[in-house]
Amino acid sequence: MAKFGKTSQQRLKTCHWNLQLIMSEVIKLYDFSVLEGERTLELQQEYYKDGKSKLDGIIKKSKHQSSPSMAIDIAPYPIDWNDIARFHYLAGLVMAKADELQIKIRWGGDWDMDSDFKDQDFYDLPHFELV
């Protein structure tokens, strides 16, 4: 059974307790890293400038900017950014666990939450947020 490393634990602690609950259950099933929870304005603006986010952090704030963070970024471990199938698999586990716990979340691979992963114009496969 996998468990979080120290860095992932620290990042997870910056997230809303519902995200902590979901991720603490999913790690028992599949190994993954927590990349980010709470995010500073400066980092949000950098991601926006680099095209990694559609939210500028001022007019449109990210759910990562709240305290605790209402969003989390995770990746299957070991991280291979080109292995999209593993991101989809992990997303399925996260979404199933959230559903089981009756916690409503959105995945950055299905922003409109219609289970059609091909109709998105912006993909953020590591991203999950409370709705």
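Coordinates for the structure precede this section.
Residues numbered from 1 in each chain as written. Predicted model: local features only at pLDDT ≥ 70, side-chain atom pairs only at ≥ 80, totals over all residues. Heavy atoms only, no water.

Draft legend 1. Fine view of the pattern of salt bridges. Scanning the model with the defined rule gives 6 salt bridges in all. Notably, a salt bridge pairs lysine 54 with aspartate 121, separated by 4.0 Å at the nearest N-O pair. With lysine 54 in the loop between helix H3 (41-49) and strand E2 (71-76) and aspartate 121 in the loop between strand E3 (105-107) and strand E4 (127-130), this residue pair connects regions lying 67 residues apart in the sequence. Look at the salt bridges and you will find they share partners, linking Glu36, Arg39 and Asp73 into a network. (Salt bridge = Lys/Arg side-chain N within 4 Å of Asp/Glu carboxyl O. Helix = DSSP H or I, 4+ residues; strand = E, 2+ residues; numbered from the N terminus.)

Draft legend 2. How the structure looks around the sheet that holds E4. Ordered by their spatial adjacency, 4 strands build an open sheet running E1-E2-E4-E3, and the pairing between neighbours is antiparallel. Two strands in the sheet have a free side with no partner beyond their single neighbour: strand E1 (32-36) and E3. Looking at each pair of strands side by side, their axes are set apart by 30° on average, direction ignored. Across 3 bridges, E3 lies against E4 in antiparallel orientation. If you follow isoleucine 105 over to E4, its bridge partner there is leucine 130. This element, helix H4 (residues 84-100), spans E1, E2, E3 and E4 of the sheet and lies at about 135° to E2. (Pairing = 2+ DSSP bridges. Axes fitted to C-alpha atoms, helices over the stretch in contact; angles between N-to-C directions. Contact = heavy atoms within 4.5 Å.)

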